[in-house]
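A closer look at the structure
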Amino acid sequence: MVDVRSGIGEAVPPAEVEDVELYHPHSWWTRYVFSQDAKVIAIQYATTAIAIGMVALVLSWLMRLQLGFPDTFTFIDAERYYQFITMHGMIMVIYLLTALFLGGFGNYLIPLMVGARDMVFPYANMLSYWIYLLAVLVLVASFFAPGGPTGAGWTLYPPQAILSNTPGGKDWGIILMLSSLIIFIIGFTMGGLNYVVTVLQGRARGMTLMRMPLTVWGIVTATVMALLAFPALFVACVMMLFDRLLGTSFFMPAIAEMGEQLQYGGGSPILFQHLFWFFGHPEVYIVALPAFGIVSDLISTHARKNIFGYRMMVWAIVVIGGLSMVVWAHHMYVSGMNPYFGFFFATTTLIIAVPTAIKVYNWVLTLWRGNIHLTLPMLFALAFIVTFVNGGLTGLFLGNVVVDVPLSDTMFVVAHFHMVMGVAPILVIFGAIYHWYPKITGRMLNEALGQLHFWITFLGSYAIFFPMHYVGLVGVPRRYHDLGEAAFVPESVHSLNAFISVAALIVGAAQIVFLFNLVWSLRHGREAGGNPWRATTLEWQTPETPPPHGNWGKELPVVYRWAYDYSVPGAPEDFIPQNQPAPGRVSHEAAS
Amino acid sequence: MSAPLKPSSMETLPRPSGLAGLAADWASDQRAFKNVSWGKAMMWIFLLSDTFIFGCFLIAYMSARMATTVPWPNPSEVFALEIGGVHVPLILIAIMTFVLISSSGTMAMAVNYGYRRDRRKTAALMLITALFGATFVGMQAFEWSKLIAEGVRPWGNPWGAAQFGSTFFMITGFHGTHVTIGVIFLLIIARKVWRGDFDTERRGFFTSRKGHYEIVEITGLYWHFVDLVWVFIFAFFYLW
């Protein structure tokens, strides 16, 4: 392709905006606690998300103990089991994955990668974290409230979510859950606006949109989707809160409970499902797109090769983002709908496989004949590709109405979405932490501990979720506290359940190795230097490591090339940083 | 009007117009929207997000209204007033709508005077806008108390579908909250304008950013949005 873009070998356009003056912290409190520095906020977000994620991990252990060894742990009764399911799902999807990818990696990487001093509105960015923390605290409070947390299932479907026999339905559980979600959305919006405006309006000289690393593309597309999808959840939460507290009937049909007619009548539970999934499906990609972006950069850096088909990768991200806003009702096939709607939603769902497949092919083609370094980030990236393909293929099964109906509400669905939006993005998170930890702390994570962590996590999660597909195909329903002596459940399912539970305990325990590594390496890790992976992107070119407040010292960086100039023929090194002026037109960019 | 905003030291390259200009802007570095400040871009994107919130509220209301099996109360009867013995349907809502639309006019004038750096007129017009807004909220409070006195509750009403009361209180309440927040912001910004903060480019307490008259326009964007939302609520809730 002929290069028609300006920039390579030409003058970089002059600055359009004055360099910003940042808020200078005057005390320890404003420097490290109420900090307006996006990097500190990122670490706060990440720490809080990982902490609450550990709670969700323990909850999954408890569930697996019950499923693997029924009648052994008497304190896990049916009520508690549903509470564990609900809180595990909600925490993992929203308070861990969304917060960590957007609030954590978004805050740390966006300003550094686009060459900005900070987010455009650091004060709102700081508020975003503290409101997120409040949401987490309200959520945690529900564990200690009378009646315990809600047990409505992570989808919180009415009418059962607010009926008195659902755990937390008549007490505080559901109220605290809905309030926490509302608070989360308010907090997220403050941060999300920052991420989008920083990328659109706050880039460095020479940093065009089509020179941004794919990480930034993934995060910012996910943020735009979140800004459009979270409103639906916000509205659904407000309405259900009114149903529960004021006695309105938005989602409540005329209904009898324990032989007693309730005051509700005339509402539509299906309306909630539409609102919820209008948020819920984009949410899958809000988690997946940052993972796609990050993994592209990990693969390119550690295979020392430019990403294959950069423009196609960008457009695939954008197209996936757009399509995922119009597929939500594929979560509702069993709720019943007009067959033409089913046809529409099945079609859009399956079309998503096209841009997704483009991405997978491009990752594999980037690896092809690359100079692959099997570093920890690369191992996690490879594991991600395999896992994502596995989870994605079962998604094709479930996207078809006729296949979905018998499989819906079986463990097959649990296996599918844990592979595709549980394990796969978390593998990317691990890879990303191993990759950027040296920049954040100045020290490398311990390699041996990391290998141990990787192999147990990777193989272990297959031990957990592969058998679960079979359990689901046999017809074992999900969300059952106890399978009992059902005739259709063969003995193999019971032994597999025990096997899965043991694997889950081991994989969970392996995460302690990871956390230990994070803390231990802070002091004892090998000194990393400024650019240990010899990467091209701007965050590795900061004058100091870890980067101080303001990131760049006196002069803002100027960008002369795209983010993927690895192994350029004729170049002295196998990477050329984005801010290195081009001698002539030596770059892969023109060919992409 | 926005000419004085651009920092004079910064130059911009000449750009093509029309569709080619759009493509050139998005293909360029630094900023996708040329000559749009960070604050204005952020407000626009926030309003887009807020549109989805009101959109979801209104769609939920419409689906409830279409799905109900009992009659929906007739809005022109419910929102009628007896004035001097004459039965006037929707009169209060008409006045409220008039007040709110007028406030958009005064807001636009405030923005205009802001860019002329006319401190007094800007502040005065913002105060008038805030006053209109407060009047609107006051009339809404009157309307609420009248309906409550007639027996309308979030969970039921004397005339038909229970969802009438629930959606009414929820949607007008959420919109009224937006107006109230707008009034508070108008008062804060008007005070700053009056004090001359934007003439001296006084720095924000938390943000250390210099104040500019542009914040009047950004507040105006929000205010016009709240008005526009009201037009939709008016059309879908009262006129349907």
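Coordinates for the structure precede this section.
Residues numbered from 1 in each chain as written. Chains lettered and ligands numbered in written order. Predicted model: local features only at pLDDT ≥ 70, side-chain atom pairs only at ≥ 80, totals over all residues.

**Comments concerning the overall build of chain B**
Counted only if it meets this: In this text, helices come from DSSP runs of H or I with a minimum length of four residues, and strands from runs of E with a minimum of two, each type numbered from the N-terminal end. Any residue with 12 or fewer other C-beta atoms within 10 Å of its own C-beta is exposed, any with 20 or more is buried, and the rest are partly exposed; the C-beta atoms used are placed from the backbone. By the convention adopted here, residues are in contact when the distance between their C-beta atoms, placed from the backbone, does not exceed 7 Å.
Scanning chain B from terminus to terminus reveals 7 helices and 2 strands. Overall, chain B shows an N-to-C arrangement of helices and strands of α-α-α-β-β-α-α-α-α. With the principal axes as the frame, chain B shows a C-alpha extent of 65 × 40 × 35 Å. Out of the 240 residues in chain B, the part that is buried amounts to 34%. Considering only contacts in chain B between residues 6 or more positions apart, those separated by 24 or more positions represent 68%.

**Some remarks on the nonpolar core**
Selection rule: For the purposes of this analysis, a nonpolar core is taken to be any set of buried Ala, Val, Leu, Ile, Met, Phe, Trp, Tyr and Cys residues that are connected through C-beta atoms within 7 Å.
Grouped together as the largest cluster of nonpolar side chains are 240 residues, with contacts concentrated most on A:Val235 and A:Phe380. When neighbours within four sequence positions are excluded, A:Phe380 is seen to be in contact with A:Leu427, A:Val428, A:Phe430, A:Gly431, A:Tyr434 and A:Phe454.

**Describing the packing of helix H6 (residues 214-245) of chain A against helix H2 (residues 38-67) of chain B**
Filter applied, for reference: Note on geometry: axes are lines fitted to C-alpha atoms, helical ones only across the stretch in contact, with angles between N-to-C directions running from 0 to 180 degrees. Between 65 and 115 degrees an angle is taken as roughly perpendicular, under 35 as roughly parallel, over 145 as roughly antiparallel, and anywhere else as oblique. Take the far helix as your reference; a near helix turned counterclockwise from it by less than a right angle gives a left-handed crossing, and one turned clockwise gives a right-handed crossing. Put simply, Ala, Val, Leu, Ile, Met, Phe, Trp, Tyr, Cys and Pro go in the nonpolar bin, Asp, Glu, Lys and Arg in the charged bin, and everything else, Gly too, in the polar bin.
At a closest axis distance of 8 Å, the pairing of H6(A) and H2(B) adopts a crossing angle of 40°. When the axis of H6(A) is compared with that of H2(B), the two are oblique. In the packing of H6(A) onto H2(B), the handedness of the crossing is right-handed. Contacts from A:Leu227, A:Leu228, A:Pro231, A:Ala232, A:Phe234, A:Val235 and A:Met239 in H6(A) reach B:Ile45, B:Ser49, B:Phe52, B:Ile53, B:Cys56, B:Phe57 and B:Ala60 in H2(B). Of the residues belonging to the contact of H6(A) with H2(B), the class tally is 13 nonpolar, 1 polar and no charged.

**Concerning the environment of A:Phe250**
When you line up the elements, A:Phe250 lands in the loop between H6 and strand E1 (256-257). Distance in space between the C-alpha atoms of A:Phe250 and A:Gly266 is 7.7 Å, their sequence separation being 16 residues. The residues touching A:Phe250, leaving out its near neighbours within four places in the chain, are A:Met239, A:Phe242, A:Asp243, A:Gly267, B:Ala60, B:Ala64 and B:Ser166.

**Some details on the interface of chain A and chain B**
Chain A puts 46 residues into the contact, and the matching count from chain B is 40 residues. Residue assignment for the side of chain A that touches chain B shows that the elements contributing at least two residues are helix H5 (173-201), H6 and helix H7 (269-302) of chain A. The element best represented in the side of chain A that touches chain B is H6(A), accounting for 8 residues. Its residues assigned to classes, the side of chain A that touches chain B shows 28 nonpolar, 12 polar and 6 charged.

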